[in-house]
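Structural description and commentary
So you can see what is in the structure, the chains are spelled out below.
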Amino acid sequence: MSFRQEMSLWCWTNFPGLWGETEKPRRSGYAGGLGKENDQKERPGVLSFTVAMTAETGKQKANDEKGQDVRLSNILAAKAVSDTVRTSLGPKGMDKMIQEPKGEVLISNDGATILSKLKLQHPTAKMMAELSKAQDIEAGDGTTSVVVIAGALLGAAERLLKKGIHPQTITEAFLQAAHKAEEVLDAVAQPVDLADREHLLQAAITSLNSKVVSQESETLAPIAVDAVLKVTDPKTAANVDLNDIRLVKKLGATTDDTELVDGLVLTQKVSRVAGGPSRIQDAKIGLIQFCLSAPKTDMESNIQVRDYAQMDRLLREERTLLAKMVKQIAKTGCNVLLVQKSILRDAVTDLSLDFCAKAKIMVVKDIEREDIEFISKILGVEAAATLDTFTTEKLAKADLVMEEKLGSELGSIVRFTGLQSSKGGCVSVLVRASNQMLLDETERSIHDALCVVRSLVKKKALIAGGAAPEMEVAQKLDAWARTIGGITQVCIEHYAEALELVPYTLAENAGMQPVEIVTQLRAAHAKGEKSAGINVKKGCISDMFQENVVQPLLVSTSAINMATETVRMILKIDDIVLTR
């Protein structure tokens, strides 16, 4: 019996209304006849219906194949990004040298920094860069780990897809695994008291040990911890606004000279064109956003001066105007003046600086607009937008304001110490380094250490480092999957196996035998050693709490949840549509 006869018989059996009683399809060997003679008497309607069904099936198969190709293409692009930063994971990770189009060179092993500099074209690759950026905003650390975990989960998903498991089934199983992983991490975490400075130091040092400036971790970690403790109340704090901690970069000296300043530090020079003061005791500080220069018209205009009398009058009017402005400022008692940088015209002129020098007023110009809010907060005063609003109430007090010379080629800084009117809650960190690349990396490292301490303020719990949490989660998920059964069990087992890529990479980057080390680590966790991790310095498995290698709970939970969320989003994409 031919295929078309089989299809027509099946359709008549299941959809009898399509034919009349006399139009029953015939099968070879029935009473209706035998062989090819009856095969050729099939109804036209049956043939068209069969062709339509075959076409619909082919179309569905083509769509499935297209979705699978798009999915595999996305996975390939995301894994390529993950493999790029994987070698930078851990304290023994390698650094990346990034050369920008203008010729500037950047050296870093921070995942968020590396990915932010890459010129990515594929939309899924850009998602991985955004994932690292989101982890940086949320926790400040684990920016490399979150991308490595996402790449490992995509590899597991690819293997599951090749087994014929539907993407929706995989995403649902991964979501269950992420929730269970968070429960496991909460169970192994140890609560921390913010008043215990030693635990905060351990977390900051662990973060800095994986940076380019790891050799300076003992110097930089206390700075980060003390800076956060100065701007928060450990008893009531639920978060930290890092905008209250200003990192001031100044080239010169070494990283050891980086210091926490209890006050304000400005990198602008004191304007002493007319020989004004550079050191003021019992300072009264004013912050202005208007210019000490002759006004300009809104529209461009030309003035023709025909004789010397008109020129003298013009210069005399300008001199009178500036003299009145400086006199009104001096009348308030101000002896230190901070002037915001102006774009449309000069913020100060030589003539106004001369008047300020005669009035014994120290002038610091070119204060950046984005720094006004911080300076205003740390001084405890409002910035004056006009001369009429500049009053005695808008003056801050300080014991000493002085210009500190750093060298003939390095310029100077201005220190404000003994701030009396400050509302508190703001500190400055003076970052020093011998070259620009190291200076930028030191700033990023201190920022990451500040974020780690902030993570402890947001979620007051510590867990072991050295890939201990990832292996513990993998062990617990594997055991939990056996109690579920079905396809979900297979998906969760692959999820657990993917997490083991973190300890594998950590050992591989440290030059150890990864298979042997991961096997030993798995055995240790199977025995119940929850804090066992990879000691990259000794090349063995150690208790991470005893080695003081700890990290905030928020870093690991955020990394697993964000990586899982991104992977689920990638797996649900079955087509890429281009728009004009």
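Just so you know, these numbers come straight off a predicted model, no measurement behind them. (Residues numbered from 1 in each chain as written. Predicted model: local features only at pLDDT ≥ 70, side-chain atom pairs only at ≥ 80, totals over all residues. Heavy atoms only, no water.)

We now examine the overall build of the protein. Scanning the protein from terminus to terminus reveals 18 helices and 16 strands. Each of the 580 residues in the protein was classed as buried or not, and the buried ones make up 48%. Sequence separation of at least 24 residues holds for 76% of the intrachain contacts in the protein that already meet a minimum separation of 6. Surface accessibility of the protein: about 29,500 Å² in total, with carbon and sulfur atoms responsible for 50%. (Helix = DSSP H or I, 4+ residues; strand = E, 2+ residues; numbered from the N terminus. Buried < 20%, exposed > 50% of the residue type's maximum accessible area, 1.4 Å probe, protein only. Contact = heavy atoms within 4.5 Å. Areas by Shrake-Rupley, 256 points an atom, 1.4 Å probe, with all protein chains shown as cover.)

Our focus in this paragraph is the sheet that holds strand 16 (residues 550-552). Spatially, 3-13-16 is the arrangement adopted by the 3 strands of the open sheet, whose pairing is antiparallel. Edge positions in the open sheet fall to strand 3 (190-191) and strand 16, since each of these has one partner strand only. Relative to strand 16, strand 13 (residues 461-464) runs antiparallel, the two being bridged by 3 bridges. Bridge pairing in strand 16 links Ile-463 to Gln-551. Across the sheet, helix 8 (residues 197-208) lies against strand 13 and strand 16, angled at about 95 degrees from strand 16, the strand it touches most. (Pairing = 2+ DSSP bridges. Axes fitted to C-alpha atoms, helices over the stretch in contact; angles between N-to-C directions.)

So, about the sheet that holds strand 8 (residues 336-340). Taken in spatial order, the 6 strands make up an open sheet running 6-11-10-7-8-9, and their pairing is mixed. Lying at the two open borders of the sheet, with one neighbouring strand each, are strand 6 (263-266) and strand 9 (362-367). For this sheet, the mean angle separating the axes of adjacent strands, direction not counted, is 35 degrees. When strand 6 meets strand 11 (residues 411-419), the two strands line up antiparallel, connected through 4 bridges. Paired with Gly-263 across the strands is Thr-417, a residue of strand 11.

Another aspect to go through is the packing of aromatic side chains. Applying the stated criterion to the full structure yields 1 aromatic pair. Consider the rings of Phe-174 and Tyr-495, whose centres lie 5.2 Å apart with planes at 70 degrees: the pair is edge-to-face. Taken together, the residues span a long stretch of sequence, with Phe-174 in helix 7 (residues 167-188) and Tyr-495 in helix 15 (residues 486-499) at a distance of 321 residues. With relative accessibility at 0%, the residue Phe-174 sits in the buried group. Given the relative accessible area of 0%, Tyr-495 is considered buried. (Phe/Tyr/Trp six-rings, centres within 6.5 Å; stacked < 30°, edge-to-face > 60°.)

Our next topic: the packing of helix 8 against helix 13 (residues 436-458). When two helices pack together, you describe them by how their axes are tilted relative to each other and by the distance separating the axes. Relative orientation of the contacting elements helix 8 and helix 13 amounts to 140 degrees, with a least axis distance of 9 Å. As summarised for this structure, helix 8 and helix 13 are arranged oblique, according to the angle between their axes. Relative to helix 13, the crossing made by helix 8 is right-handed. For the pair formed by helix 8 and helix 13, the contact residues are Leu-200, Ala-203, Ala-204, Ser-207 and Leu-208 on the first element and Ser-445, Asp-448, Ala-449, Val-452, Val-453 and Leu-456 on the second. By residue class, the composition of the contact of helix 8 with helix 13 is 8 nonpolar, 2 polar and 1 charged. (Parallel < 35°, antiparallel > 145°, perpendicular 65-115°, else oblique. Left-handed = near helix turned anticlockwise from the far one by under 90°. Nonpolar A, V, L, I, M, F, W, Y, C, P; charged D, E, K, R; others polar.)

Interpretation in functional terms is not warranted from these geometric data alone.
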